[in-house]
Amino acid sequence: MGKYSSDTHRINANINTIFGKLSNPTLYKEAIENNLDRLPEEARKNLDKLQFNENSIVLQSPMGEVTLGVDNNKTVEPTRVVYAALNSPVKFSLEIELSAIDENTTEEMATINLDMPFFVEKMVSGQLKDGAKKFGELLKMLPY
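Since the model is a prediction, treat every value here as computed from it, not as a measurement. (Residues numbered from 1 in each chain as written. Predicted model: local features only at pLDDT ≥ 70, side-chain atom pairs only at ≥ 80, totals over all residues. Heavy atoms only, no water.)

K.L.:
Which residues make up the overall build of the protein, and what values do they have?
P.N.:
The helix and strand inventory of the protein stands at four helices and eight strands. Put simply, the protein runs from its N terminus to its C terminus through helices and strands in the order β-β-α-α-α-β-β-β-β-β-β-α. Taking 2.2 N^0.38 as the reference for a compact globule, 144 residues should give roughly 15 Å; the C-alpha atoms of the protein span a radius of gyration of 15 Å, in line with that estimate. Dimensions of the protein, computed from the C-alpha atoms along their principal axes, are close to 45 × 30 × 25 Å. Counting all 144 residues of the protein, 40% fall into the buried class. Summarising the internal contacts of the protein: among those between residues at least 6 apart in sequence, 56% fall at separations of at least 24. (Helix = DSSP H or I, 4+ residues; strand = E, 2+ residues; numbered from the N terminus. Rg over C-alpha atoms; globule rule 2.2 N^0.38 Å. Buried < 20%, exposed > 50% of the residue type's maximum accessible area, 1.4 Å probe, protein only. Contact = heavy atoms within 4.5 Å.)

The following block contains the structure:
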């Protein structure tokens, strides 16, 4: 299984506040729409490929439509939010690790876990590394 992680970022907000927002997919849409000007140009270009529902995030990928839902068995309040692929040709998950530094400061790191054939993984590993890095950067920019 391939594992691709972002850098660790500090967020000036309480860990419980961050967990509450990141574990609710509908809040992503609101946060993104309210901060379009702060998003990198490439992220803004791909927003039409995302759809946020009450319990899931749907994205259009080269493999077709992929739905990510909160995995309640692996999510641990307030330190880990896990989104698992519900309909995807490959098994993968997106994990957000949170660690309280103090009452108003939290560190976050995003990780993409992907289970695919070795030769396919080699072809897309660069994009996955870049995707994990950009997702981690996006998380630190969201308003909490």
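More follows now that the structure is in view.
K.L.:
A description of the environment of Gly126 should follow, citing residues and the corresponding values.
P.N.:
You can see Gly126 is positioned in helix α4 (residues 118-141). Residues Gly126 and Tyr4, 122 residues apart in the sequence, show an inter-C-alpha distance of 9.5 Å.

K.L.:
Give me the lowdown on the pairing of strand β4 (residues 56-61), citing residues and values where you can.
P.N.:
In this structure, strand β3 (residues 50-52) lies alongside β4, joined through three bridges in antiparallel fashion. Residue Leu50 lies in a different strand from β4, and its bridge partner there is Leu59. Hairpin remark: β3 followed by β4, antiparallel, with three residues in the connecting loop. The sheet contact formed by β4 and strand β5 (residues 64-70) spans six bridges and is antiparallel. The residue bridging Ile57 from the neighbouring strand is Leu68, located in β5. (Pairing = 2+ DSSP bridges.)

K.L.:
Give me the lowdown on the side chain of Thr111, citing residues and values where you can.
P.N.:
You can see Thr111 is positioned in strand β8 (residues 105-115). Judged by its relative accessible area of 3%, Thr111 is buried.

K.L.:
Describe the pattern of salt bridges, with residues and values.
P.N.:
For the structure on display, the rule yields three salt bridges. Note that Arg80 is salt-bridged to Glu97, the shortest N-O span being 2.7 Å. Highlighted residues: Arg80 in strand β6 (residues 80-87) and Glu97 in strand β7 (residues 91-102), separated in sequence by 17 residues. Accessibility expressed as a relative area gives 29% for Arg80, which makes it partly exposed. (Salt bridge = Lys/Arg side-chain N within 4 Å of Asp/Glu carboxyl O.)

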